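A structural walkthrough
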Amino acid sequence: MGTELLIIVNVLFMIFFFVIAYLSIRYFINQIEKYPRITFEEVYNSKKLRQKYNIENNKANPYDYGYNFKEIEYKSGKIQLYGWLIENKEAAKTMIISHGRGVNRLAALQYLGMFKDIGLDKEYNFFIPDLRNSGKSDVARTKMGYCFGQDIFHTMEMLNEKFGKNNFTLYGFSQGGMGSAIASKMYIKTLRKKGIIIEKLILDSSISNIRKRIKEDARKRRVPKFIVSVIVRIFNFRVGSHLDKLKLSYLLKRIPTLIIQSKNDKATTYGMLMEEYNELAQNEHIRLKVFEKGSHTRIYADPDCKDEYAKAVKEFLVN
């Protein structure tokens, strides 16, 4: 009877262990793939969020920054997306400004102001999307910027087919930066067939290596190593077995790129970026601008960084 009881206890313990492991894996996968969608109304009604987005109380759309615009709705696969199109009929180039995790296109408004300040507002058409799981667009998993890459690709495709745009600069923040880099590398053959050119990239506070970022997040949360190993395998499967390619040292090189980073960034750390940049430093197409102040995606919002930031962007774009 004692042996039978021991077996039952062991079985129950194993069941409990696997249930806890399963729940832990599911929880962590959801943490890195999902987050609450932030709507326009939430931003407009929150002083804290308006400060985070660096938008003034009386400014709510591109028109308030002196730009005429129209709302565009389109698809990324089955995902419904929305965005603002600002057309300058004489401009041959189009800039797509892509937000990061947990915000929406309102976060890009401040950069429309920057482009006016540096005198480049007439040199580009601008498109500012709500990528999946943000603003007005559909709720969906983002997979740490992997799916943002798909959304940015379909944004270029839509702008080419509907509005004849074929020359793009991709300006991305955090996961939007990783998505911009993914779109520029992993969709290049399809883009070329359509006659679409990505001329330049600007990556601000970008995720630099998704595998390392997952492991770092797990370390901070004290997730056991065997569970982390399972999570990485599952995530790799979900991104089409491309996990080892989701890093700047692989995705960049060919296209002139300005990487902007703050040493104070706690989300996409300076140290992790430098590990990737050291493999790119000899490439003349890659420029790095590091700021001592500022924080994650908020370097331009810091008064001590604003002028130097704008100068770096202008020099990169005009040269």
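Structure first, text after, so check above.
Okay, so let's go over this structure. What you see is a predicted model, and the numbers here were worked out from it, not measured in a lab.

Cut-off values and rules
- Residues numbered from 1 in each chain as written.
- Predicted model: local features only at pLDDT ≥ 70, side-chain atom pairs only at ≥ 80, totals over all residues.
- Heavy atoms only, no water.
- 1 Å grid on protein atoms, 1.4 Å probe; cavity = no way out; pocket = protein on both sides within 12 Å on 5 of 7 lines; lining within 4 Å.
- Points joined across faces, edges and corners; volume = space filled by probe spheres on them.
- Helix = DSSP H or I, 4+ residues; strand = E, 2+ residues; numbered from the N terminus.
- Nonpolar A, V, L, I, M, F, W, Y, C, P; charged D, E, K, R; others polar.
- Domains from an automatic or database assignment.
- Buried < 20%, exposed > 50% of the residue type's maximum accessible area, 1.4 Å probe, protein only.
- Phe/Tyr/Trp six-rings, centres within 6.5 Å; stacked < 30°, edge-to-face > 60°.
- Lys NZ or Arg CZ within 6 Å of the ring centre and 35° of its normal.

Re the layout of surface pockets
- Of the volumes computed, that of the largest pocket is approximately 580 Å³.
- As for the largest pocket, its lining consists of 28 residues, of which Arg 101, Ser 174, Ala 267, His 296 and Thr 297 are closest to the centre.
- Taken together, the elements giving at least two residues each to the lining of the largest pocket come down to helix 1 (2–33), helix 3 (47–53), strand 3 (93–98), helix 4 (109–117) and helix 8 (210–220).
- No other element matches the three residues that helix 8 contributes to the lining of the largest pocket.
- Residues belonging to the lining of the largest pocket are distributed by class as follows: 11 nonpolar, nine polar and eight charged.
- Here the lining of the largest pocket spans two domains, and each of domain 1 (1–33 + 213–244) and domain 2 (38–209 + 246–318) adds at least three residues to it.
- In this structure, the second largest pocket encloses a volume near 160 Å³.
- Taken together, Gly 66, Tyr 67, Asn 68, Phe 69, Lys 70, Leu 85, Ile 86, Glu 87, Asn 88, Lys 116, Asp 121 and Lys 122 make up the lining of the second largest pocket.
- When grouped by side-chain class, the residues that make up the lining of the second largest pocket number four nonpolar, three polar and five charged.

Describing helix 4
- The buried count for helix 4 comes to seven of nine residues, which makes it a mostly enclosed element.
- Every buried residue belonging to helix 4 is among Leu 109, Gln 110, Tyr 111, Leu 112, Gly 113, Met 114 and Phe 115, and all of these are buried.

Some remarks on the packing of aromatic side chains
- Counted by the stated rule, this structure contains 17 aromatic pairs.
- Residues Tyr 74 and Phe 127 carry aromatic rings whose centres are separated by 5.8 Å and whose planes lie at 70 degrees to one another, so their mutual orientation is edge-to-face. Here Tyr 74 is found in strand 1 (residues 70–76), whereas its partner Phe 127 is found in strand 4 (residues 124–130), with 53 residues between them in sequence.
- Residue Tyr 74 is classed as buried on the basis of its relative accessible area of 4%.
- Residues Phe 115 and Phe 126 carry aromatic rings whose centres are separated by 5.2 Å and whose planes lie at 45 degrees to one another, so their mutual orientation is tilted. With a gap of 11 residues between them, Phe 115 in helix 4 and Phe 126 in strand 4 connect regions that are remote in the sequence.
- Note on Phe 126: relative accessible area 0%, which makes it buried.
- These aromatic residues form a ring-pair network of at least three members: Tyr 67, Tyr 111, Phe 115, Tyr 124, Phe 126, Tyr 171, Phe 173, Phe 291, Tyr 300 and Tyr 309.
- Seen from the ring of Trp 84, Arg 105 lies directly overhead, with NZ or CZ sitting 4.7 Å from the centre.

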